[in-house]
Amino acid sequence: MRAALLALLPLALAFPQRRSTIREWIAPGPSDSRGPCPGLNTLANHGYLPHDGRNINVDTIRAAVTEALNWDPRLATFIATQAINVNLGVESTDLAGLGAHNITEHDASLTRLDAAEGDPLRLNLDLLEALLADADGDSLTIQSLGRSRARVHARSGGNPLPGTMNSQANFEATALLATVPHDPEWAPEDYLELRAPKDLVRVWFTEERFPVELGWRTPRHVLTLEDLGRLPAAVEAAKPTL
Ligand code: HEM
């Protein structure tokens, strides 16, 4: 028996146990804070961030994205520090606080109205449908997201986004691909082939929930600072001139 178990050991090491359960999703209540970021809202709905959406800081974000999404802690620290400590200039915020216009929140979002048009914190269903329609097949791709970024930029008047917000917007588009990828086992060298199935994207944006019933699992690839360099650059390169 012992010999049989030992014989299985290399197999077990080759296929390490992956978390198969994801924390329970609970819809936000009326007093819970939610903001412009569908990723952080989802993490709060699943209890990886405080469910009330308050006292969000670099440590809570790092813990949440490493556990639920397999982000490298250094990537999480970089993004969260930039947004909260540097841009907002505070130690912690609530999720709605990330909606500070032209400080952390920008116009020409994929699924949110511009600040001058309406509420930039909430999903706009027409914009979501337009995002999905930019892709021909059943999945969003780097190419379709390049088209989407160019479309929302033109829709918003075509003015350059302030500061580093164009890079931020490209990163958000790639965070989408890496969060609901076609295959949770996607390999980093295949990054140009990343696809986000439309049915998963729709659930994620509309319910701010990980679509486990559609096969969603924590992605295996640890998302790194290197990915932060090359994935948004690929979206930028895919933008047509409108
Ligand atoms: C690590 C800390 C994070 C911070 C501080 C952050 C912050 C933000 C902010 C302020 C926005 C609003 C930008 C705008 O449209 O005006 C945003 C958008 C977005 N975020 Fe995050 N985010 C973080 C992590 C994530 C994660 C983990 C994901 C994916 C799970 C994600 C996915 C997105 C997407 C897809 C958008 C674009 C929404 C749209 O354009 O409609 N973010 N984020």
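Conventions and cut-offs
- Residues numbered from 1 in each chain as written.
- Predicted model: local features only at pLDDT ≥ 70, side-chain atom pairs only at ≥ 80, totals over all residues.
- Helix = DSSP H or I, 4+ residues; strand = E, 2+ residues; numbered from the N terminus.
- Rg over C-alpha atoms; globule rule 2.2 N^0.38 Å.
- Buried ≥ 20, exposed ≤ 12 C-beta atoms within 10 Å, placed from the backbone.
- Contact = placed C-beta atoms within 7 Å.
- UniProt positions renumbered as here; feature names shortened; annotations may be inferred.
- Near = placed C-beta within 6 Å.
- Nonpolar A, V, L, I, M, F, W, Y, C, P; charged D, E, K, R; others polar.
- Expected span 1.5 Å × (residues − 1).
- Axes fitted to C-alpha atoms, helices over the stretch in contact; angles between N-to-C directions.
- Parallel < 35°, antiparallel > 145°, perpendicular 65-115°, else oblique.
- pLDDT = per-residue confidence, 0-100.

Enquirer: I would appreciate a short explanation of the overall build of the protein in the present structure.
Expert: When helices and strands are counted, the protein shows nine helices and two strands. Ordering the α and β elements of the protein from the N terminus gives α-α-α-α-α-β-α-α-β-α-α. Relative to the compact-globule value of 18 Å for 242 residues, the protein shows a C-alpha radius of gyration of 18 Å, a close match. Counting only C-alpha atoms, the protein reaches 70 × 40 × 30 Å along its principal axes. In the protein, which comprises 242 residues, the proportion classed as buried is 35%. Taking the contacts inside the protein whose residues are at least 6 apart along the sequence as the reference set, 59% of them involve residues at least 24 apart.

Enquirer: Hey, could you run me through the environment of Phe78 in this one?
Expert: Tracing the backbone through its elements, the reader meets Phe78 in helix α4 (residues 73-88). Each C-alpha atom of the pair Phe78 and Arg54 lies 20 Å from the other, and the pair is 24 residues apart in sequence.

Enquirer: How should the UniProt feature "domain: Heme haloperoxidase family profile" (unreviewed entry) in the protein be read in this particular structure?
Expert: Summarizing the sequence annotation, UniProt attributes the feature "domain: Heme haloperoxidase family profile" (unreviewed entry) to residues 21-230 in the numbering used throughout. For residues 21-230, the end-to-end C-alpha separation is 30 Å, with 43% helix and 3% strand making up the annotated structure.

Enquirer: What exactly am I supposed to notice about the site of the ligand here?
Expert: Close to the ligand lie 25 residues, the nearest being Cys37, Gly39, Ser109, Thr111 and Glu172. Counting residues per element, the ones that place at least two in the shell around the ligand are α2 (38-45), α3 (58-69), α4 and α7 (165-179). Taken together, the residues of the shell around the ligand sort by class into 16 nonpolar, six polar and three charged.

Enquirer: What am I meant to see in α7 here?
Expert: Residue pairs three or four apart in sequence face the same way in an α-helix, which turns once every 3.6 residues. The end-to-end C-alpha distance of α7, which contains 15 residues, comes to 20 Å, matching closely the 21 Å that a straight helix rising 1.5 Å per residue would cover. Within the span of α7, buried status applies to Ala169, Asn170, Glu172, Ala173, Thr174, Ala175, Leu176, Leu177, Ala178 and Thr179. Residues of α7 that are buried in the fold lie against α2, α3, β1 (139-141), α6 (142-155), β2 (195-197) and α9 (225-237).

Enquirer: Can you help me understand the environment of Val65 in this one?
Expert: Within the secondary structure, Val65 is located in helix α3. Overall, the presence of 26 C-beta atoms within 10 Å leaves Val65 in the buried class. Residues Val65 and Thr77, spaced twelve residues apart in sequence, show a C-alpha to C-alpha distance of 10.0 Å. Apart from residues no more than four positions distant in its own chain, Val65 is found in contact with Trp71 and Ala76.

Enquirer: I'm lost on unusual backbone geometry in this one. Help?
Expert: Among all residues save glycine, negative phi is the norm, and among peptide bonds the norm is trans. With a phi close to 60°, Ala108 is a non-glycine residue in the positive phi region. In this model, Glu208 sits at a positive phi of 50°, which is unusual for a non-glycine residue.

Enquirer: When you look at the packing of α7 against α9 in this model, what are you seeing that I'm missing?
Expert: Geometry of a packed helix pair, given as the angle between the helix axes and the separation of the axes. Contact pair α7 / α9: the axes reach a minimum separation of 8 Å and the direction vectors enclose 100°. The angle between α7 and α9 falls in the class roughly perpendicular. Residue-level inspection shows Ser167, Asn170, Phe171, Ala173 and Thr174 of α7 in contact with α9, the latter providing Leu228, Leu231, Pro232, Val235 and Glu236. Here the residues of the contact of α7 with α9 sort into six nonpolar, three polar and one charged.

Enquirer: For this particular structure, what's the right way to read the confidence of the model for the protein?
Expert: Segments scoring low in pLDDT should not have their predicted coordinates read at a detailed level. Chain-level statistics for the protein give a pLDDT mean of 93 and a share of 92% at 70 or above. Scored below 50 in pLDDT, residues 8-19 makes two contacts in the model with residues more than four places away or belonging to other chains.

Enquirer: What's the story with the environment of Asn41 in this structure? I'm lost.
Expert: Structurally, the position occupied by Asn41 is in helix α2. On a C-alpha basis, the gap between Asn41 and Glu208 in space is 6.4 Å, while along the polypeptide they are 167 residues apart. Aside from chain neighbours lying at most four places away, what touches Asn41 is Arg34, Gly35, Leu95 and Glu208.

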